[in-house]
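# A look at the structure
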Amino acid sequence: MNENDLTNQEPIIDLAKVAEESKLDKPITLGLLMKFAFPTIFAILILHTFVIIDGIFAIRALGMEAMAAIAIFTPLFTTVMAIGMFFAAGGSAVIVKKLGEGKHREARQNYTFVSVLAFILILIISIAIAIFPSTILNILGANYEIYNLATTYLRIAVWAFPFMTIGQVFNTFLIADGKPGLGMGISVIGTLIGAGGNAFVLFVLGWGIYGLAWTTVLGTGLTAVWYFIVFLRNKTGNFRFAMPSMTGRTLGSLLINGFSVGAPMVAASIMMTVQNNVLVRLDGVGAMGIAIAGMVMGMQGMLSQVFGGYLQGIGGIIAFNNGKQNYDRLKRLFKYSLKITFVLSLMVLAVSIFLAEPLMRIYLPSLTDPGEIFMREMAVRGLRMVSLAFIVFGFNMFFTGIFTALSKGQISTVLSLTHILVFNTPLILLLPRFFEMDGVWMALPIAAGLAFIMSVSAVLIFGKKYKFIGKEGGVCA
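Residues numbered from 1 in each chain as written. Predicted model: local features only at pLDDT ≥ 70, side-chain atom pairs only at ≥ 80, totals over all residues. Heavy atoms only, no water.

### Describing unusual backbone geometry
Residues other than glycine seldom take positive phi values, yet glutamate 436 does so here, at roughly 55°. Mapped onto the secondary structure, glutamate 436 falls in the loop between helix H19 (432-435) and helix H20 (437-462). (Helix = DSSP H or I, 4+ residues; strand = E, 2+ residues; numbered from the N terminus.)

Next up, the structure:
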C-alpha cells in the first residue's frame, strides 16, 4: 500500500471520543429534553403558521369567500407536510441511529440523498397539480362560491410546496445536529417575512389573493434557502452535504419509518377532505362552513404542534440511544416524557378552552359586525369542542412517535391509521346527520379517546420487548 492509498482513506474515528463529544450522548435529564424540545416546539409552531397565516389575512382583508378558498387547501398543505415528515422523521430515525453506531460518513451521504430525493419528488407533484388544478379542486370540495378564487391561489401557491418539504427535512436534521435554537430562529424570521409580505401585498399593493399566494412562495423559499446555506457551511457538524448515497436496505428502513409518520398525515388529509365535503353540503352552511372549519382546525392543528414539536425535538435522542443500545436511558426518557406530555396537555387544553374567543378574534376582530360575530361564535364553539381531544391527544402522538423513533414504524402506522380512518373519518360522516355542524367537532375527541385505549395497549404489549419500559438496570445513565 503506497502513501497515496493511505492519504485517500477515510480517517480512523475514535468512537469513544465521538460518543463523548456528541450532543446527543448525554444522561437523560429534564433539562436535556427541554433543551432539545423547547426550541423545536417553538419552531414547529412558527412553521405551522404558514398553513394558517394566509387564511387570517384573507378573511380580514378579503372576506369569508377568500378565507374558504384558502382553507379548502388545508388537506393539500397537510399532505405536503406529510411528505416532508415522511423524509424528515423517517430519515432521521434511520440516519441518526448510524451516528450512534459511529458511521458518520455514511450518515452524511444518506442525509444528502434524502434531501435531494424529497425535493425532486415534491417538485414533480407540484408540476402535476399545476397542470390539473380542476381535478384537485373537485376532490377537495370547492363549490361555485369559491372556485375562481381557489384556482388563482392554487396555481401560484403550489410552487411553495418543494420549499415547505425541504424546509422540514433541513429543520429536523439541524435539530439532530444539536442546533435546535438555530432552526427556531430561521423559522421565526421566515414567518415574519411571510406575514410582512402579506400585509404589504394586501394593504399597499392591493393584490388580493394573488399576492397572498406569492408571499407564501417567498416566505417558504427564503427559509429553505437559509437552511441550505447553513448545511453548506456546516463544516464541523455531524450533518453536511456529501456525495448522495444510500443502500437499498437503508432506503427500505427509511420508507417503513417514514410511512409511519407520513401515512397518518395523509390519512388526516383524507379526513379533512371528507369534513369539507360534509360541511359544504350541510343545509345553510356551504362555503361558510369551510371557512369556519379552516379557523377551528387551523387553531387546533397549531396547538397540537406542541406535541409534534416535542416529539420531533427528542426523536434524535431516542434514535441515538437506540443505536447505542442504551436502554436505561430510553426508559428514563419515556418516564420523563409521560410527565412532560401530561403538563403540556393541561396547558394546551387550558389555552384552547379559555382563550378560544381571543384566538378567533385573530381571524374576526369586529365587535359590531353581525356576520363576523356569528361566524366567530360558531368558531369558538367548534374550537372548545374539538379541544377536549387534547386530554389524550398528546399521549397518542408520543406513544405512536416513540415506535417510529425506535424504527418500529409498522406499529405506529397501525395505531395512527386506525385512529384517523377507522375512528375519526366514519364519525365525521355519521355524527353530522344527528348533530349537524356540532357532529363534525364531536368526532375528534371521541376518536382520540378510542385511539388512546389502543395506544396504551400497544405500549403495554411492546414496551418491554423494545426495552423502553420496565425496571432500569442502573447502568449508563
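### Notes on the packing of helix H13 (residues 287-324) against helix H17 (residues 390-405)
Interhelical geometry of H13 versus H17 gives an angle of 30° and a closest axis separation of 10 Å. Considering the angle they form, H13 stands roughly parallel to H17. In terms of crossing hand, the pair formed by H13 and H17 is right-handed. Only Phe390, Phe393, Gly394, Met397, Phe398, Gly401, Ile402 and Ala405 of H17 make contact with H13, whose side of the interface consists of Gln300, Leu303, Ser304, Phe307, Gly308, Leu311, Ile314, Gly315, Ile318 and Ala319. Among the residues making up the contact of H13 with H17, the classes are represented as 12 nonpolar, six polar and no charged. (Axes fitted to C-alpha atoms, helices over the stretch in contact; angles between N-to-C directions. Parallel < 35°, antiparallel > 145°, perpendicular 65-115°, else oblique. Left-handed = near helix turned anticlockwise from the far one by under 90°. Contact = heavy atoms within 4.5 Å. Nonpolar A, V, L, I, M, F, W, Y, C, P; charged D, E, K, R; others polar.)

### Remarks on the confidence of the model for the protein chain
Averaged over every residue, the pLDDT of the protein chain is 82; residues scoring 70 or more account for 92%. A low-confidence stretch, residues 1-21 stays under pLDDT 50, and its non-local contacts, those more than four residues away or across chains, total 12 contacts. (pLDDT = per-residue confidence, 0-100.)

### Topic: the side chain of histidine 419
With respect to the element layout, histidine 419 can be found in helix H18 (residues 409-430). When its relative accessible area of 11% is taken as the criterion, histidine 419 is described as buried. Not counting residues up to four positions away in its chain, the partners in contact with histidine 419 are Phe393, Asn396, Asn424, Ala447, Ala448 and Ala451. (Buried < 20%, exposed > 50% of the residue type's maximum accessible area, 1.4 Å probe, protein only.)

### Examining a nonpolar patch on the surface
On the surface, Phe200, Phe203, Val204, Leu205, Trp207, Tyr210 and Trp214 cluster together to form a nonpolar patch covering roughly 750 Å² of accessible area. By secondary structure assignment, the location of leucine 205 is in the loop between helix H10 (180-203) and helix H11 (208-232). (Patch = residues over 30% accessible without salt bridge, like charges linked within 9 Å, V, L, I, M, F, W, Y side chains within 5 Å. Areas by Shrake-Rupley, 256 points an atom, 1.4 Å probe, with all protein chains shown as cover. Salt bridge = Lys/Arg side-chain N within 4 Å of Asp/Glu carboxyl O.)

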